[in-house]
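Chain residues, written in single-letter form:
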Protein chains: 2
Amino acid sequence: MIKLLLAEDQGMMRGALALLLGLEEDIEIVAQVGDGDEIVPKALETRPDVALLDIELPGRSGLDAAADLRARMPHCQVLILTTFGRPGYLRRAMEAGAAGFLVKDGPVEDLAAAIRRVLAGERVIDPALAAAALSAGPNPLTQRERDVLAAAVDGATVADIASKVHLSPATVRNYLSAAIGKTQTRNRMEAVRAARQNGWL
Amino acid sequence: MIKLLLAEDQGMMRGALALLLGLEEDIEIVAQVGDGDEIVPKALETRPDVALLDIELPGRSGLDAAADLRARMPHCQVLILTTFGRPGYLRRAMEAGAAGFLVKDGPVEDLAAAIRRVLAGERVIDPALAAAALSAGPNPLTQRERDVLAAAVDGATVADIASKVHLSPATVRNYLSAAIGKTQTRNRMEAVRAARQNGWL
DNA sequence: GGCCACCCGTGACATTTGTCCCGGGCCCGG
DNA sequence: CCGGGCCCGGGACAAATGTCACGGGTGGCC
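Rules of the game
Residues numbered from 1 in each chain as written. Chains lettered and ligands numbered in written order. Predicted model: local features only at pLDDT ≥ 70, side-chain atom pairs only at ≥ 80, totals over all residues. Heavy atoms only, no water. Helix = DSSP H or I, 4+ residues; strand = E, 2+ residues; numbered from the N terminus. Buried < 20%, exposed > 50% of the residue type's maximum accessible area, 1.4 Å probe, protein only. Contact = heavy atoms within 4.5 Å. Areas by Shrake-Rupley, 256 points an atom, 1.4 Å probe, with all protein chains shown as cover. Lys, Arg positive; Asp, Glu negative; His and termini not counted. Charge placed at Lys NZ, Arg CZ, Asp CG, Glu CD. Pairing = 2+ DSSP bridges. Axes fitted to C-alpha atoms, helices over the stretch in contact; angles between N-to-C directions. Expected span 1.5 Å × (residues − 1). Arc of directions from axis to C-beta. Buried area = accessible area lost by both parts, 1.4 Å probe. Salt bridge = Lys/Arg side-chain N within 4 Å of Asp/Glu carboxyl O. Right-handed = clockwise from strand over helix to strand, strands pointing away. Near = heavy atom within 4 Å. Polar contact = N/O pair within 3.5 Å; in protein donor to acceptor, adjacent residues only side chain to side chain. Nonpolar A, V, L, I, M, F, W, Y, C, P; charged D, E, K, R; others polar. UniProt positions renumbered as here; feature names shortened; annotations may be inferred.

### Let's talk about the overall build of chain A
Phase 1 of the analysis: A count of helices and strands for chain A gives ten helices and six strands.
Phase 2 of the analysis: The dimensions of chain A, computed from C-alpha atoms along their principal axes, are 60 × 35 × 30 Å.
Phase 3 of the analysis: The proportion of buried residues among the 201 residues of chain A is 47%.
Phase 4 of the analysis: Restricting the contact set of chain A to residue pairs at least 6 apart, pairs at least 24 apart contribute 64%.
Phase 5 of the analysis: Accessible area of chain A: about 8,900 Å², with a carbon and sulfur share of 51%.
Phase 6 of the analysis: Placing the 23 positive and 26 negative side-chain charges of chain A at their respective mean positions leaves the two points 8 Å apart.

Structural data, given as C-alpha cells:
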C-alpha cells in the first residue's frame, strides 16, 4: 500500500484527485492539505511514501516545502504537480530533490502511474519540458533583482517598491533596469511577465 | 439520465471531473471539450441537458459560449465552473442566462448536487459571491476602455496598444487615463489588475 | 431639436520611468 | 592582494506615461 500526501489548494481539484487516487487498489491517501505551511507537519505526522505537491499554494511554496521534506524525510519521494510547466520551476524542483514533475494538462491516467514509478526510484519528467528547461538556461537574475521584480507585480510604483524592499528609490530603479536588460524586455511589466513565465520569480 | 457536456481546458481537471461525475448513477457525460470554440458545435451534436463550462478557455470564453448556447438550445441549462469568483464574471454569467455559478474551491460533492438542482430549474449561486457582485456595482468601463485595457496586459507600450486597436496613440492614452480614473488606480498596471479582479476585462 | 454619452483626435504639461555614468562597501576565489 | 561579483546609493538625461483642456463626429432618448 502506497501512503500518499496530497497538497493542492483548489478544493475541487484536491477532492477529485483524492477520490480518484483512492480508487486505486494500491494507493492510500493519508493526508490532504490546502496550505503550504501544513505540508511538512502533516508529513511528519502521517509518514507518507510519496508527497504530491502543487507549487502555487497559500503559505509556503510547494518547492520550498519539497526541499524541507527531502531533508527531513529522505525516504519520502516528492512528485510536483503544477498548472504551469515553467522551465525554472522544473529546475528548482530538481534542485529541491523532487523525483517527478507533472503538469495539470495531460491525462489523469498518468498520475497513478507516475506515483508508482517515483516510488520505484524512477524519475518522471515530461521530455519536452526537460528540453525547454535546459535550453532556457539557469536563472540570470540576482537575488535583489528577483526581490525588486517580485515587488513590482500588480503595478507598484518605484516608491512603493522601495519601501516594500527597504531600499532607496534610486537603487530600485537600477535593479529594475538590470532586470529589464537581463530579461531582454522593454519595461517593468514585460520583465515581470518574462520572469514569471520562466519560473524565475 | 442527465446528459452532460463538460468544457474545461486543464486536462487533469477535466479527466478527474469526468471520471467522478461518471460514477454518479444518474449522470452521463456525452461530450468533453477543451476549447471554447467546440462547445456549441458539440452541444448541437450531442444535445446535453446540462453544460458545465469553465470561463477561461482557449478559443471563445465560456461566457460567450453560454450566451450562444442559451439562444440556440434553450432547454439546455448552463452551469459555470470557474477558478475565480470575480463579481463581474457572475454578473456576466447571469446576463448570459446561466443557471448556476460555482467556484473551483469548495468541495466536489457540491458539483453533482448543483447539476441536479440546475436541471430542476433552481439557481445555484454562492451567497457570498452574489453579495460581492451586487455590492461591486456594474462594469463602469466603456467598450473602448475595455479594449484598450485588455491590449495593455503584459506590458505593451502605448504605441503597441494603438496599433493593436487601430487608434491614435494620443487617444489610447486618453482611454487609459479614463480607465485609470474609473478603477480608482494610479497607473496602467493597477488598472488592468483591478479590471481583471472584478471580471471587467 | 436639445441633451447626453460615447467615439476619435490634438496639444501642452508635470511626473514617472528607463538608462548610463559615477561613487563606495562587502566578500569570495585565484 | 587583487580582481570580480554583488550589494547600495547618487546624478543627469531622454523617453514614456498620466493628466487636462479642447476640438469635432455620431447616435439614442426625451
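### Thoughts on the sheet that holds strand β4 (residues 77–82) of chain A
Residue and element names in this part refer to chain A.
Phase 1 of the analysis: Ordered by their spatial adjacency, six strands build an open sheet running β2-β1-β3-β4-β5-β6, and the pairing between neighbours is parallel. Each end of this open sheet is capped by a strand with a single partner; those strands are β2 (27–33) and β6 (124–125).
Phase 2 of the analysis: On the sheet, helix α4 (residues 87–95) packs against β4, β5 (100–103) and β6 and is oriented at approximately 150° with respect to β5.

### Let's talk about helix α9 (residues 169–182) of chain A
An α-helix turns once per 3.6 residues; consequently, residues spaced three or four apart project the same way.
Residue and element names in this part refer to chain A.
Phase 1 of the analysis: If you check α9, its first and last C-alpha atoms are 20 Å apart, about what 14 residues at 1.5 Å a residue would give, namely 20 Å.
Phase 2 of the analysis: Of all the residues in α9, the buried ones are Val172, Leu176, Ala179 and Ile180. When α9 is viewed along its axis, its buried side chains cluster within an angular range of 100° and face the same direction.
Phase 3 of the analysis: Taken from the residues just after α9, Gln184 is the one with a positive phi, measuring 60°.

### As for the interface of chain A and chain B
Phase 1 of the analysis: Between chain A and chain B, the residue contacts involve 31 residues of the former and 31 residues of the latter.
Phase 2 of the analysis: Of the roughly 2,600 Å² buried where chain A meets chain B, counting both sides, 68% is carbon and sulfur surface.
Phase 3 of the analysis: Broken down residue by residue, the surface that chain A buries against chain B is led by Gln10, Met12 and Met189 of chain A, which jointly contribute 30%.
Phase 4 of the analysis: The interface formed by chain A and chain B contains four salt bridges.

### Describing the pairing of β4 of chain A
Residue and element names in this part refer to chain A.
Phase 1 of the analysis: A large share of β4 lies buried, amounting to six of its six residues.
Phase 2 of the analysis: As defined by bridge partners, strand β3 (residues 50–53) adjoins β4 across four bridges and the pair is classed as parallel. Note on β4: the bridge partner recorded for Leu53 is Ile80.
Phase 3 of the analysis: Pairing analysis gives four bridges linking β4 to β5, with the strands arranged parallel. From the neighbouring strand, Leu81 faces β5, where its bridge partner is Leu102.
Phase 4 of the analysis: On the question of chirality, the crossover connecting β4 to the parallel β5 by way of α4 is right-handed.

### Concerning the protein's contact with DNA strand C
Phase 1 of the analysis: Neighbouring DNA strand C are 18 residues; Arg173 and Arg188 of chain A together with Thr142, Arg144 and Ser168 of chain B lie closest to it.
Phase 2 of the analysis: For DNA strand C, the backbone makes up 62% of the atoms found within 4 Å of the protein, where backbone means sugar plus phosphate.
Phase 3 of the analysis: One nitrogen or oxygen atom from the side chain of Arg188 of chain A is found 2.9 Å from a phosphate oxygen belonging to DNA strand C.
Phase 4 of the analysis: Interatomic distance of 3.5 Å between a side-chain N/O atom of Thr171 of chain B and a phosphate oxygen of DNA strand C.
Phase 5 of the analysis: Of all elements in the fold, only α9 of chain A together with α7 (143–151) and α9 (169–182) of chain B reach the threshold of two or more residues within the surface near DNA strand C.
Phase 6 of the analysis: No other element matches α9 of chain B, which puts five residues into the surface near DNA strand C.
Phase 7 of the analysis: Grouping the constituent residues of the surface near DNA strand C by class yields five nonpolar, nine polar and four charged.

### Quick look at the UniProt feature "domain: Response regulatory" (unreviewed entry) in chain A
Phase 1 of the analysis: The residues that UniProt annotates with the feature "domain: Response regulatory" (unreviewed entry) are residues 3–119 of chain A.
Phase 2 of the analysis: With 44% helix and 22% strand, residues 3–119 of chain A has its two end C-alpha atoms placed 10 Å apart.

### Here we look at the protein's contact with DNA strand D
Phase 1 of the analysis: In the vicinity of DNA strand D, 18 residues are found, and the nearest of them are Thr142, Arg144, Ser168 and Asn174 of chain A together with Arg173 of chain B.
Phase 2 of the analysis: Of all DNA strand D atoms lying within 4 Å of any protein atom, the proportion belonging to sugar or phosphate reaches 61%.
Phase 3 of the analysis: Separating a phosphate oxygen of DNA strand D from a side-chain N or O atom of Thr171 of chain A is a distance of 3.1 Å.

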